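Structural features, examined
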Amino acid sequence: MRRLVPVSFDKVHIEDGFWGERLRVNRENTLPIQYTRCKATGVIDAFRLEWKSGDAKTPHVYWDSDAAKWIEAASYSLATHPDARLQRKVDDLVDLIASAQQEDGYLNCYFTTVAPEKRWSNLRQEHELYCAGHLIEAAVAHYEVTRSRTLLDVVCRYADYIDSVFGRRRGQQRGYPGHAEIELALVKLYRVTGRSNYLDLARYFIDERGRRPHYFDKEARQRGEAPAHNIGEVYDYYQAHLPVREQKTAEGHAVRVCYLYAGMADIAAETGDKELLAACRSVWNNIVKKRMYIHGGIGSNRFRERFTIDYDLPNEEAYAETCAAVGLVFFAHRMLQIEPDRRYSDVIERALYNGIISGASLDGKRFFYDNYLASFPGTHRFTGQRDPVRQNWFDTACCPPNLARLLASLGQYVYSQTADSVFVHLFVNGETGIWIGGRDVRLVQTTQYPWNENVRIDVSPASPATFTVAVRIPGWCEDARVTVNGEAVATTSGLSRGYLKLRRRWKKGDRIQLRLCMPVERVESHPSVRHNCGRIALQRGPVVYCLEQKDNGKDLHDVLLPRQTKLAMQAGSASLLKGIPVIVGKAFRRNAGEWKEDLYRTTRSGLRPCRIKAIPYFMWANRGEGEMLVWIREVDESVAPRRGNPRA
């Protein structure tokens, strides 16, 4: 069923430009810092299995996953930028993990040292299978880069042991994980080993989820506890409210939803399961049409890190966890290989440029867990929200290594191919070499995207050959101009699901040039998104912009942007914004000086003119603490009051 195959991350060399800089920071700053913090918090040394009761640092049930994601990220980085020092750290950690494996194949720090008697007793909450999934993903990445089987053999033993424990055979547990992850990991393991039992096990976990009687209730009774629904738990939090083929909407914990549906898309691709694919489409449509933030973030309830109802997208209380946006990219990328359509690649781009890279500071040393769309410092300590400044680390540190592994593997999201076509999904400065149309073909992209409208793609087959280059025309772009060797190409007649398919006999020196016009756009929300009524957001190309107190002063919610105001681009002048396009324009504020010490009054305020400056959203909170706002109040200038008007 899978029509496309991603071009491997190690075949795509990203150089300079926007993503080249982000990957350099990830490689030089983020990966070393994350290793140091995993070491300092005890995550790495937990694999020594030396913990004993009374020790200051007790392993958490999810610590294994943090170490695994770091190995995965480091392995991807080593594929494109060999580094002897980093390689030694990876090798040492791999050996340490291998030494922690038990005789029966089991591998989990917490349940080996802290609670061995509770192994597999609480799948709903305790992350055993989730951690196993991340170890498998790390092993696959490590093997693909190094060809060392050390960690791969370890996780194969572990997966074989898990396969002996769970299933429908006599004596097996009919369980499935409360936090999806192992499903997509097992498909990766199947693809690299060719062993069908791993694919079968992934399919079992997916098909068993949501069946009645609920397994989570059964295991609770075996622990001597009340069933989940008797203690205020709801099955949809774990996507276990219905069998997966009957699920039509995105419910529950946002990260778990996307990991689960990424695994479901993988199974559908491998087995041709049309019913499973239909469920994936339904949930995808529900997310992107009714439950996704403009910056590609998902999950609107920060208390339970979950989806709520359609069009419920609060800004200052958003959840929008970095991990959830990463999971959405995983889901989208898998769907894109099944049915090439820009509705998936557009979302990948939206999330990457906005709600994902906002998760790390520009120097790659501090991190967001939530990615708010409005922030007012001072309220967070009363509401339970995380502070609106990036943190060095978290007690639950899932987001930093998740972001690191996505960035380190970014190359695999740029291109996909068939036997005689190559699809260009993202515009990234760099090159790749692939086998297509019976020839070695080199593609080189040269661009300053997303700040510049122009993208040049040089196509150089080893010898002339006929094949298709399918270039995404982004959904946000209403005026795209394309030439091949200087001759204009109609961007409508050859467009298929958002991809311009250029089929011809290509030869060395052929060149595709794109101009993707990027005016400043005012974006509206659906009328049912109550939080944004009367407000607009600013977007240019794929980049969402925001107001920050540093540039616009306090009380950003009081800014009124007239519909008639012409917004302009100018190059940022401060060191942080040097050369980065910012959006400027005229606006109004109420005249706060009239108020003195009044809290309420019946006299309408006069307005005073002001200028606004909007910066790319992902750059906010890099210049100290302050207010931030994405959705700006809009007003018709012709009816805006200019002076105080008693009782108006």
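I will try to describe carefully the structure that is included in this document. (Residues numbered from 1 in each chain as written. Predicted model: local features only at pLDDT ≥ 70, side-chain atom pairs only at ≥ 80, totals over all residues. Heavy atoms only, no water.)

Summed over all chains, the structure comprises 51 salt bridges. Note that Asp104 and Arg119 form a salt bridge whose closest N and O atoms lie 2.8 Å from each other. Separated by 15 residues along the polypeptide, Asp104 in the loop between α3 (84-99) and α4 (109-113) and Arg119 in the loop between α4 and α5 (128-146) bring together distant segments of the chain. Of the residues examined, Asp104 reaches a relative accessible area of 39% and is grouped as partly exposed. (Salt bridge = Lys/Arg side-chain N within 4 Å of Asp/Glu carboxyl O. Helix = DSSP H or I, 4+ residues; strand = E, 2+ residues; numbered from the N terminus. Buried < 20%, exposed > 50% of the residue type's maximum accessible area, 1.4 Å probe, protein only.)

Here Arg212 and Pro213 are connected by a cis peptide whose omega angle stands at 0°. Following the sequence through the fold, Pro213 ends up in the loop between α8 (196-208) and α9 (215-222). A positive phi angle is found at Glu305, which is not glycine, with a value near 55°. Mapped onto the elements, Glu305 comes out in the loop between α11 (274-290) and α12 (322-338). Even without glycine at this site, Asn485 takes up a positive phi of about 50°. Inspection of the secondary structure assignment puts Asn485 in the loop between β10 (480-484) and β11 (487-489).

A few words now on the sheet that holds β11. An order of β2-β6-β7-β8-β14-β10-β11 is seen for the seven strands of this open sheet, with the pairing classed as antiparallel. The outermost strands of the open sheet, each flanked by one partner alone, are β2 (12-14) and β11. The mean angle between the axes of side-by-side strands here comes to 20°, regardless of whether they run parallel or antiparallel. Alignment of β10 against strand β14 (residues 510-516), held across five bridges, turns out to be antiparallel. Paired with Ala480 across the strands is Leu516, a residue of β14. (Pairing = 2+ DSSP bridges. Axes fitted to C-alpha atoms, helices over the stretch in contact; angles between N-to-C directions.)

Attention shifts here to the side chain of Arg334. One can find Arg334 in helix α12. Setting aside residues no more than four positions away along its own chain, Arg334 makes contact with Leu184, Lys188, Ala262, Ala265 and Asp266. (Contact = heavy atoms within 4.5 Å.)

This brings us to the pairing of strand β4 (residues 415-418). Taken together, the two bridges between strand β1 (residues 5-6) and β4 define a ladder with antiparallel strand orientation. Paired with Pro6 across the bridge in β4 is Ser416. Pairing of β4 with strand β5 (residues 421-424), which is carried by four bridges, proceeds in the antiparallel orientation. Counterpart to Tyr415 in the pairing with β5 is Val424.

Okay, helix α7 (residues 182-193) next. Between its first and last C-alpha, α7 extends 16 Å over twelve residues, near the 16 Å set by a 1.5 Å rise per residue. Three or more residues of α7 are buried, namely Ile182, Glu183, Leu184, Ala185, Leu186, Val187 and Leu189. (Expected span 1.5 Å × (residues − 1).)

With that settled, consider the packing of helix α1 (residues 17-41) against helix α2 (residues 63-80). Two elements in contact, α1 and α2, have axes whose closest approach is 11 Å; the angle formed by their N-to-C orientations is 155°. When the interaxial angle is binned, α1 and α2 end up roughly antiparallel. Here α1 runs over α2; the crossing is left-handed. Contact residues: α1 offers Arg27, Leu31, Gln34, Tyr35 and Thr41, while α2 offers Trp63, Trp70, Ala73, Ala74 and Ser77. (Parallel < 35°, antiparallel > 145°, perpendicular 65-115°, else oblique. Left-handed = near helix turned anticlockwise from the far one by under 90°.)

Our focus in this paragraph is the packing of aromatic side chains. One pass over the full model with this rule turns up 31 aromatic pairs. On the basis of an interplanar angle of 90° and a centroid distance of 5.4 Å, the ring pair of Tyr106 and Trp120 is categorised as edge-to-face. Pair noted here: Tyr106 is in the loop between α3 and α4 and Trp120 is in the loop between α4 and α5, with a separation of 14 residues, a long-range link. One aromatic cluster in this structure is built from Phe18, Trp19, Tyr353, Phe427, Tyr449, Trp451 and Phe618. Over the face of the ring belonging to Tyr143 we find Arg147, whose NZ or CZ atom lies 4.6 Å from the ring centre. (Phe/Tyr/Trp six-rings, centres within 6.5 Å; stacked < 30°, edge-to-face > 60°. Lys NZ or Arg CZ within 6 Å of the ring centre and 35° of its normal.)

If you trace the six strands from one edge of the open sheet to the other, you get β1-β4-β5-β9-β13-β12, paired in mixed fashion. Among the strands making up the open sheet, the edge pair consists of β1 and β12 (495-496). Contacts between helix α13 (residues 342-356) and the sheet are confined to β9 (465-472), β12 and β13 (499-506), with β9 contributing the most and set at about 60° to the helix.

By size, the foremost hydrophobic cluster in this structure holds 220 residues, and its most contacted members are Trp19 and Ile162. The element that contributes the greatest number of residues to this core is helix α10 (residues 254-271), accounting for 13 residues. With sequence-adjacent residues up to four places away left out, Ile162 is seen in contact with Trp120, Leu129, Ala132, Ile182, Leu201 and Phe205. (Core = buried A, V, L, I, M, F, W, Y, C linked by side-chain atoms within 4.5 Å.)

Between its first and last C-alpha, α1 extends 35 Å over 25 residues, near the 36 Å set by a 1.5 Å rise per residue. Gly42 sits one or two positions beyond α1 and adopts a positive phi of about 100°.

Here the focus is the pairing of strand β17 (residues 543-548). Of all six residues that make up β17, six are buried, and the element is covered over most of its length. Burial along β17 is two-sided: the residues Val543, Tyr545 and Leu547 and Val544, Cys546 and Glu548 are all buried. Pairing between strand β16 (residues 535-540) and β17: two bridges, direction antiparallel. Residue pairing for β17: Arg540 is matched across the bridge by Val543. Turn length for the β16-β17 hairpin, with the two strands adjacent in sequence and antiparallel, is two residues, and the turn residue Gly541 shows positive phi of about 60°. Sheet analysis places β17 next to strand β21 (residues 607-616), joined by three bridges and oriented antiparallel.

In this section: the environment of Leu152. Position of Leu152 among the secondary structure elements: in helix α6 (residues 150-165). The buried category is assigned to Leu152, whose relative accessible area is 1%. Setting aside residues no more than four positions away along its own chain, Leu152 makes contact with Ala139, Tyr143, Leu189 and Val192.

Attention now moves to the packing of α10 against α12. Taken N-terminus to C-terminus, the directions of α10 and α12 make an angle of 15°; their axes are 8 Å apart at the nearest point. On the basis of the axis angle, α10 is roughly parallel to α12. Crossing handedness for the pair α10 and α12: left-handed. Touching Ala254, Val255, Cys258, Tyr259, Tyr261, Ala262, Ala265, Asp266 and Ala269 of α10 are Cys323, Ala324, Gly327, Leu328, Phe330, Phe331, Arg334, Met335 and Ile338, all from α12. Each residue belonging to the contact of α10 with α12 can be placed in one class, and the counts come to 15 nonpolar, one polar and two charged. (Nonpolar A, V, L, I, M, F, W, Y, C, P; charged D, E, K, R; others polar.)

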